[in-house]
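Structure at a glance
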Amino acid sequence: MTQAVAQAVRFQLNGRSVSVQAESGQSLLDLLRSTLQLKATRMGCGQGQCGACRVMLDGHAVSSCETPLWAVEGKAVITVEGLGSRSAPHALQTAFIEEQAMQCGFCTSGILMSAAALLQRQPRPSRQEIVQAIDGHLCRCGAHNRVVRAIEKAAVRLAAP
């Protein structure tokens, strides 16, 4: 029987430096939810196919269920908890509320992170770029049209002087 080896992992999490002891086989998702108690990142399929667990890693949306801990060493991870707050929500969060771009909310944090990564690299995305950015997200509630409108609205607000 092989025992998991603990390792120190250092990275930026939502703008703060963190160093945690974690098992070498642990995924970023497990570290976020179980060790660091950040529950907004969801476990969906566990195979990187549903988008529920997406976070930003150095500005790119990645499936945290498939991201090994060694991949975050020295990098910046942003979860939806680091996107905005109740008192100072991100433009995406405000637009999602205004457009009622969520129903059950299970997929919402992953979609928000993919949208945030898109707007970081492309501040004025086309509708097609938005659709492509959220294509890997499974939403059973049928809110995709409202999600696209919310991302378009946030892009306009973020690009405004």
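The rules behind these values
Residues numbered from 1 in each chain as written. Predicted model: local features only at pLDDT ≥ 70, side-chain atom pairs only at ≥ 80, totals over all residues. Heavy atoms only, no water. Helix = DSSP H or I, 4+ residues; strand = E, 2+ residues; numbered from the N terminus. Contact = heavy atoms within 4.5 Å. Axes fitted to C-alpha atoms, helices over the stretch in contact; angles between N-to-C directions. Parallel < 35°, antiparallel > 145°, perpendicular 65-115°, else oblique. Left-handed = near helix turned anticlockwise from the far one by under 90°. Nonpolar A, V, L, I, M, F, W, Y, C, P; charged D, E, K, R; others polar.

1. Looking at the side chain of S114
As for its placement among the helices and strands, S114 is situated in helix 3 (residues 108–121). Among residues more than four places away in sequence, those in contact with S114 are R54, A61, A133 and H137.

2. What to know about the packing of helix 2 (residues 91–98) against helix 3
Running from amino to carboxyl end, helix 2 crosses helix 3 at an angle of 130°, the nearest separation of the two axes being 10 Å. Considering the angle they form, helix 2 stands oblique to helix 3. Where helix 2 crosses over helix 3, the two elements pack in a sense that is right-handed. Touching L92, Q93 and F96 of helix 2 are T108, I111, L112, A115, A116 and L119, all from helix 3. Its residues assigned to classes, the contact of helix 2 with helix 3 comprises seven nonpolar, two polar and no charged.

3. Points about the packing of helix 2 against helix 5 (residues 144–159)
Close contact between helix 2 and helix 5 brings their axes to 8 Å; oriented N to C, the two are set at 140°. Compared by their axis directions, helix 2 and helix 5 come out oblique. Considering only the axes of helix 2 and helix 5, their crossing is right-handed. Contacts from A91, L92, T94, A95, F96 and E98 of helix 2 reach helix 5 at V147, A150, I151, K153, A154, R157 and L158. A class-by-class count of the residues in the contact of helix 2 with helix 5 yields nine nonpolar, one polar and three charged.

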